[in-house]
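Notes for the structure review
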Amino acid sequence: MKIRKIKKRYKTMFLTHPFCTKVKFKKISTSIETEPRQYPKMCGVFVAYEVRIWYRKKELKTRYVHIRIGAAKK
């Protein structure tokens, strides 16, 4: 549920740019980050998505988004 909400937020954010017509997410990887320990929000399990944006039929710049799906255990 959390991933869907965050993806939807990113999608609406990218669609608000002028002339943007379509946004697609493609999952590329899942990674476990354990360092640095003093920043707990940077530690945990992350899913990386490739975000492709279109203007009509022309594809615009590809972006990468990392969504945190699990916190690191203390």
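Summary of the structure given here. All figures in this text were calculated on a predicted structure; none of them were measured in a lab.

**Quick word on the overall build of the protein**
- Helix and strand counts for the protein come out as 1 helix and 4 strands.
- Reading the helices (α) and strands (β) of the protein from amino to carboxyl end gives α-β-β-β-β.
- For 74 residues, the compact-globule formula gives about 11 Å, and the C-alpha radius of gyration of the protein, at 15 Å, lies well above that figure.
- Sorting the 74 residues of the protein into buried and exposed places 23% on the buried side.

**Details of the packing of aromatic side chains**
- For the coordinates displayed, the defined rule picks out 2 aromatic pairs.
- Considering the side-chain rings of Y10 and F14, the 6.1 Å spacing of their centres and the 25° angle between planes classify their relative orientation as stacked. Residue Y10 and its partner F14 are both found in helix α1 (residues 2-15); the two are separated by 4 residues, about one turn of the helix.
- Ring geometry for F25 versus Y49: centroids 6.0 Å apart, planes at 90°, classification edge-to-face. With a gap of 24 residues between them, F25 in strand β1 (residues 22-33) and Y49 in strand β2 (residues 44-55) connect regions that are remote in the sequence.
- What makes Y49 buried here is its relative accessible area of 8%.
- Across from the ring centre of W54, 4.4 Å away, lies the NZ or CZ of K22, which sits over that ring.

**Points about the nonpolar core**
- Counting residues in each nonpolar core, the largest one holds 10 residues, listed as I6, F14, C20, V23, V47, Y49, V51, I53, V65 and I67.
- Elements represented by at least two residues in this core include exactly α1, β2 and β4 (63-71).
- The element contributing the most residues to this core is β2, with 4 residues.
- Apart from the residues within four sequence positions on either side, V51 is in contact with F14, V23, K24, F25, K61, T62, R63 and V65.

How each quantity is defined
- Residues numbered from 1 in each chain as written.
- Predicted model: local features only at pLDDT ≥ 70, side-chain atom pairs only at ≥ 80, totals over all residues.
- Heavy atoms only, no water.
- Helix = DSSP H or I, 4+ residues; strand = E, 2+ residues; numbered from the N terminus.
- Rg over C-alpha atoms; globule rule 2.2 N^0.38 Å.
- Buried < 20%, exposed > 50% of the residue type's maximum accessible area, 1.4 Å probe, protein only.
- Phe/Tyr/Trp six-rings, centres within 6.5 Å; stacked < 30°, edge-to-face > 60°.
- Lys NZ or Arg CZ within 6 Å of the ring centre and 35° of its normal.
- Core = buried A, V, L, I, M, F, W, Y, C linked by side-chain atoms within 4.5 Å.
- Contact = heavy atoms within 4.5 Å.

From the geometry alone we can't say anything about function, so treat these as descriptive.
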